[in-house]
Amino acid sequence: MINSWPEFFQNIGNITIKVTPGCNLKCVYCNVEAATPKTPKMTVDRWKQIADLCITNTKSPMVGLEFHGGEPLLLPDEWFEETVAYSRFLAKKHGKLLDLPMVTNATMINEKRLQKIADLGIRLCLSCDGPPAINDELRGGGERVARALGIVKQQDVPKGVITVLSHSNWNRMPEIMDWFDGVGVDNFMINFLQPQGRGLDGNLLTGEQMFTAMQEIFEHMYSTNVSVSEANVGSRVERFARGRKTPPPLACSEFQCQAGRSYIAIDTFGSVHPCGSDVFNHGFGHLDQPFDFPRFDAM
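Keep in mind the model is a prediction, meaning the values are calculated, not measured. (Residues numbered from 1 in each chain as written. Predicted model: local features only at pLDDT ≥ 70, side-chain atom pairs only at ≥ 80, totals over all residues. Heavy atoms only, no water.)

Colleague: Got a minute to help me understand the overall build of the protein in this structure?
Modeller: A tally of regular secondary structure across the protein gives nine helices and eleven strands. By residue count, 49% of the 299 residues in the protein fall in the buried class. Expressed as a percentage of contacts within the protein between residues at least 6 apart in sequence, the contacts between residues at least 24 apart total 72%. (Helix = DSSP H or I, 4+ residues; strand = E, 2+ residues; numbered from the N terminus. Buried < 20%, exposed > 50% of the residue type's maximum accessible area, 1.4 Å probe, protein only. Contact = heavy atoms within 4.5 Å.)

Structure below.
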């Protein structure tokens, strides 16, 4: 049995950290039922506790601590300055490489804030479902997202883009990819709707719709010599070309899921979950309480 959190974290190298359940948007399909911006934010002490447990105890040479939400940019710059500084101090002390990604809806990004994010070494991933008119059908904030993409392009800050495949865009992927190309997005990743939260409210796509969208993405990549790359299609083509000997680490397409093994999620209040895609129906326990869980290698 694993009987302590420090022992549990020996195998954990990547954590999605839900720094707030709050969000300034109310996306129709949101899988976490994000609440209003007035909801609680993670304390600096809670972040430090998570960083301590992972960086100090993990056997992994690389540690990934992901700022996630809700909308993480609801937290002030000072919070990020303190948590990043502490995490980097620990990583250097224990000889670990540190990756600090952030997933944001991009609506709160301006020139000054983007520079702060870049200076802190936070790796940016923006949520965007397409041009403003398409994005706004189920999300909102489309013009602000487009403006943020323009600022990111102007300042030449590395970024990724996540696009949720939904009823607003599944049959418009070539149009979206052409728009991405025009605003400086050369890579993105499709997320399929999760049957959770508002995603239960009649918003799920059929298998045929999902297949059609991914087929059109592949055909666009082929016909344009990959002017814009989609990560899932790209990884599968690469895997086909290389065979199955070198699958990418920590990918949801792995034959063996890494949830709870080398990857976990932790919510704003310290509850630990095996996967960041669903922090409502499953949980390991709470960081402030004793932990007792069977080893995976003994199951």
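Colleague: Just to check I follow, could you spell out the nonpolar core for this structure?
Modeller: Note on soluble globular proteins: their nonpolar side chains tend to be buried together. Counting residues in hydrophobic clusters, the biggest one holds 68 residues, and the most contacted among them are Phe9, Ile15, Leu65 and Phe67. The biggest single contributor to this core is helix H2 (residues 44-57), with seven residues. In terms of nonpolar packing, the next biggest core, distinct from the first, is built from eight residues, Cys23, Leu25, Cys27 and Leu138 among them. (Core = buried A, V, L, I, M, F, W, Y, C linked by side-chain atoms within 4.5 Å.)

Colleague: Would you explain unusual backbone geometry in this entry?
Modeller: Peptide bonds are mostly trans, and most non-glycine residues show a negative phi. Going from Gly69 to Gly70, the amide bond is cis rather than trans, its omega being 10°. Relative to the helices and strands, Gly70 is located in the loop between strand E2 (62-68) and helix H3 (77-93). One non-glycine residue, Ala106, lies in the positive phi region at around 75°. Summarising the element assignment, Ala106 is placed in the loop between strand E4 (101-104) and helix H4 (111-119). Here Ala106 falls in the buried class, since its relative accessible area comes to 0%. Backbone geometry places Asn225, a non-glycine residue, at a positive phi of 55°. With respect to the element layout, Asn225 can be found in the loop between helix H8 (207-223) and strand E8 (229-230).

Colleague: Looking at this model, I keep getting lost on the pairing of strand E7 (residues 187-192). Mind explaining?
Modeller: In the case of a regular strand, side chains alternate between the two sheet surfaces. Note: strand E6 (residues 159-165) against E7, four bridges, orientation parallel. When the bridges of E7 are listed, Val164 appears paired with Asn191. Handedness of the β-α-β unit built from E6, helix H7 (residues 173-182) and E7 comes out right-handed. (Pairing = 2+ DSSP bridges. Right-handed = clockwise from strand over helix to strand, strands pointing away.)

Colleague: It is not clear to me how the pairing of strand E1 (residues 14-18) should be interpreted in this structure. Could you clarify?
Modeller: Counting buried residues along E1, four of its five residues qualify, which places the element largely inside the surrounding structure. Pairing of E1 with E2 involves five bridges; the strand directions are parallel. Note on E2: the bridge partner recorded for Ile15 is Leu65.

Colleague: Before we go on, may I ask you to explain H3 in this structure?
Modeller: Between its terminal C-alpha atoms H3 stretches 24 Å, which fits the 24 Å expected from 17 residues at 1.5 Å a residue. Inspection of H3 places Trp79, Phe80, Thr83, Val84, Ser87, Leu90 and Ala91 among the buried residues, and these make up the whole buried set. End-on, the buried residues of H3 take up no more than an arc of 130°, which puts them together on one face. Exposed and oriented more than 90 degrees from the buried face of H3 are Glu78, Lys92 and Lys93. In this structure, the buried residues of H3 make contact with H2, E2, strand E3 (97-99), E4 and H4. (Expected span 1.5 Å × (residues − 1). Arc of directions from axis to C-beta.)

Colleague: Looking at this structure, how should I read the environment of Thr16?
Modeller: Here Thr16 shows up in strand E1. Separated by 2.8 Å, the side chains of Thr16 and Tyr263 make a polar contact. (Polar contact = N/O pair within 3.5 Å; in protein donor to acceptor, adjacent residues only side chain to side chain.)

Colleague: Is there a simple way to explain the side chain of His286 in this structure?
Modeller: Its location among the elements puts His286 in strand E11 (residues 285-286). For His286, a relative accessible area of 17% translates into the label buried. Engagement of the side chain of His286 in a polar contact is seen with the backbone oxygen of Phe269, the distance being 2.7 Å. Engagement of the side chain of His286 in a polar contact is seen with the backbone nitrogen of Asp288, the distance being 3.0 Å.

Colleague: Explanation requested: the packing of aromatic side chains in the structure shown.
Modeller: Aromatic ring pairs are defined here through the distance separating the ring centres and the angle between the ring planes. For the structure on display, the rule yields twelve aromatic pairs. Between Trp5 and Phe8 the ring centres are 5.5 Å apart and the planes differ by 90°, which places this aromatic pair in the edge-to-face class. Separated by three residues within a single helix, Trp5 and Phe8 lie in helix H1 (residues 5-8), roughly one turn from each other. A relative accessible area of 4% means that Phe8 is categorised as buried. Geometrically, the ring pair formed by Trp47 and Phe67 is stacked, given 4.6 Å between the ring centres and 10° between the ring planes. Placement of Trp47 in helix H2 and of Phe67 in strand E2 is noted, with a sequence separation of 20 residues between them. Per residue, the accessibility class of Trp47 equals that of Phe67, and both read buried. An aromatic cluster of at least three residues, connected via ring pairs, comprises Trp5, Phe8, Phe9 and Phe284. Of note, Lys48 hangs over the ring of Tyr86, and the distance from its end group to the ring centre comes to 5.1 Å. (Phe/Tyr/Trp six-rings, centres within 6.5 Å; stacked < 30°, edge-to-face > 60°. Lys NZ or Arg CZ within 6 Å of the ring centre and 35° of its normal.)

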